[in-house]
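Letter by letter, the chains look like this.
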Amino acid sequence: MLTLALAKGRILAETEEQLRKAGFTPPEDMLSSRKLVYFDMSREIRYLLVKPSDVPVWVEHGGADMGIVGKDVLHEAEPDLYELLDLAYGVCRVVVAGTPHLDLSMVSRVATSYPRYATDYFRERGRQVELIELGGSVELAPLIGLADCIVDLVQTGQTLRDNGLVALDEIGTVSARLVANRRSYQLRAPEVDEIQTALRQATQGGTSR
Amino acid sequence: MDSKRHMERPLGMRDYVMDDMAHRSRVEQQVLAEFAAWGYRQLETPVLEYTDTVLQGIHRGEEDQLLRLFDSSGRTLALRPEMTTPVARIVARELTGVPMPLRLCYSAKTYRERGTRTQDPLEVTQTGIELIGEQSPDADAEVLALMAHVLHNLGVHSFRLAVGHMGFVQAMLQNIPPIAQADLRNALVRKDLVAYDALLAGMHDTVDRRLLQSLQDMPRIRGGEDALHRAHALALTADAHAACAELQDLWEALRAYGIVDTVHVDYGLVLDHEYYTGIIMEGFAEPIGRSICSGGRYDRLLAQFGRPEVATGCVLHLERLMTVVPSEEMGRKPIEIYYIDRERNAAITFAQRLRGQGYSVMTSRMRNERDISARAPARRTLWIADTVYGDEWLTEAYETGEIEPRPTGVPSC
């Protein structure tokens, strides 16, 4: 029985779709029920639904053999696990954003949920900035004067626009990734490889995005 | 003011008491006994080393993990972060008269600052071996086999030793430009195969397609004998073929030890490349997700101490090992003897006799017989009166697991 930790929230619906495409049968009610554990009908797989930032914790400690979570979470957590596959969905951009005519070279305070992305971006430009770490509604920070700009995840850009902000620079793109626990990678190699192969084929087979 | 601090232990540290400690001790002793049976001699080194010494064996990126202090002359000392470097120091300076090969082992606490990984402990016991002065794959096989035997004999249910070869990876990356080589290697160390593939894809204009394909396949090759063959097919240079031959040789030696079922080769396994020079290994066991042992060949370290010698070894993480080893029922339970003042001599004499026979015995003087009877029902107790109990009684009590409430001749309370 292999355990797969899935990130709840933003990418769960596409995850479920991709799992089906790969030939798995996650239960019908996985998206609607508030249950946290599900069993795949056709294979020996158990799904755990967890908070995105917790996926690397479950996988690193071996509570889950594998997981599906966004690269943004992995980048910040720097967990000790295998990153096996770019699943090519849940694509977002990591951007530096602020009010339209902000001069980034004068920025001293940055609000973000992504301290590592933010610090690295400014450090590469020779700047040490003060970070304000926020868990959500980060767009508020420059509006209320808490920070000069933000580093945040952007999908359509609607939230930025609705709050009068623009993307001033792009740091990178992130997408959903398949990860595996190090022990499971060695001790449960056949099952890990089977899942990896199935998802790889589904990803290569039909991404029209 | 934090008035309770003195009642806590520092973060990242653990105490071991009672059954936990008994388990720890048993596991440690069993591992060391197994090492001794294979000819490894135990050593101990100071917990503090000069920082200069310690820096010989750690990666630049790990420097921040050192816990440092100053001695009275202002030199910087560090708590040892691992044992292989102190062992190298000793082999080069204290053991110059001892002929090669040298087999040494230890079980020692080591210290590293945790940085962002706050769940990791600061203090880790490394229980390991170093085999110095033997070049052949048989030496690497011995190290692997000893680890496998240790785990098996401890009753670890399900484990696997993953084996890689730094020489193979180096050889495969040989014809890639240096900066790209470092990037690819780092991706493998971080186990980020997505970044690895992306880097390779970025080189399709500058690097031969066949090499790129081989490199892409390389970290995906893992398994038993079949993996050895697949890697051989990938090898493009003489050095890569040589590494494959070494692994083949290793495999035959592992077969002689009867442990091939517990080992598999993993061509994507990469550890610190400045330190490890050949065959490397990592061990995993159910139910924990982190490695329980790691090691490999490190032929360049001893030269830094002025005594160039090849070396290989492996270290178990004792605390993690403790969680995968099933705990054992305590054999003989301790006996408690309660007595009042006038029975002291008999009680003590009896206790000493039992101890001489290998029992674990505790004695307690009580104020009166009522106090003794208050304890008796809850514990194994022997009433001592005018008669000292012989061995038949004791054996029977042990076998039936019963507490003898009151011997003949002792008044009830």
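Not measured: the values here are computed from a predicted model.

J.: Just give me the short version of the pattern of salt bridges, but keep the residues and values in it.
T.: Counted according to the given criterion, the structure contains 37 salt bridges over all chains. The shortest N-O distance in the salt bridge between Arg188(A) and Glu286(B) comes to 2.9 Å. Highlighted residues: Arg188(A) in the loop between helix H7 (182–187) and helix H8 (189–206) and Glu286(B) in the loop between strand S10 (279–285) and strand S11 (293–297), drawn from two different chains. Its relative accessible area of 18% is what places Arg188(A) among the buried residues. The partner of Arg103(B) in a salt bridge is Glu142(B), and the shortest N-O contact between them spans 2.8 Å. Of this pair, Arg103(B) sits in strand S5 (residues 102–111) while Glu142(B) sits in helix H4 (residues 137–153), placing them 39 residues apart in sequence. Taking relative accessible area as the criterion, Glu142(B) reaches 9% and is therefore assigned buried. Here the salt bridges share partners, and the residues they tie into one network are Lys71(A), Glu83(A), Asp86(A), Arg177(A), Arg190(B) and Asp192(B).

J.: Describe the interface of chain A and chain B, with residues and values.
T.: Facing 25 residues of chain A, the contacting portion of chain B comprises 24 residues. Interface area, chain A with chain B, both sides summed: about 2100 Å², of which 41% is carbon and sulfur. Considering only the surface of chain A that becomes buried against chain B, Arg182(A), Gln186(A) and Leu187(A) emerge as the three largest contributors, covering 32% of it. For the pair chain A and chain B, the interface holds six salt bridges. Here Lys71(A) and Asp192(B) are joined by a salt bridge, their closest N and O atoms 3.4 Å apart. The tally of links between chain A and chain B comes to 14 residue pairs in polar contact (both at pLDDT 80 or more). Looking at the side of chain A that touches chain B, the elements that each hand over two or more residues are helix H2 (55–61), strand S5 (82–86), H7 and H8 of chain A. Each residue belonging to the side of chain A that touches chain B can be placed in one class, and the counts come to nine nonpolar, four polar and 12 charged.

The rules behind these values
- By convention here, each chain's residues receive numbers from 1 onward along its written sequence.
- A letter from A marks each chain and a number from 1 marks each ligand, given out in the order of writing.
- Side-chain atom pairs in this predicted model are given and counted only at pLDDT of 80 or more, local residue features only at pLDDT of at least 70, and totals for whole chains, interfaces and linings cover all residues.
- Think of the side-chain values as coming from all heavy atoms in the structure, minus any hydrogens and water.
- Any carboxyl oxygen of Asp or Glu within 4 Å of a side-chain nitrogen of Lys or Arg constitutes a salt bridge here.
- The way it works is that DSSP assigns letters per residue, a run of H or I at least four long becomes a helix, a run of E at least two long becomes a strand, and they are numbered from the N terminus.
- Partly exposed residues are those whose accessible area sits between 20% and 50% of the maximum for their type, while under 20% is buried and over 50% is exposed, using a 1.4 Å probe and protein chains only.
- Contact criterion: two residues are considered in contact whenever any of their non-hydrogen atoms come within 4.5 Å of each other.
- Simply put, the buried area is the total loss of 1.4 Å probe accessible area from both parts when two parts are fitted together.
- By the criterion applied in these results, polar contacts are pairs of N or O atoms within 3.5 Å in which, for protein atoms, one can donate a hydrogen and the other can accept it, and in which residues neighboring in sequence qualify only through two side-chain atoms.
- Amino acid classes used here: Ala, Val, Leu, Ile, Met, Phe, Trp, Tyr, Cys and Pro are nonpolar; Asp, Glu, Lys and Arg are charged; the rest, including Gly, are polar.

Everything listed here is a matter of coordinates, which is why it stays silent on function.
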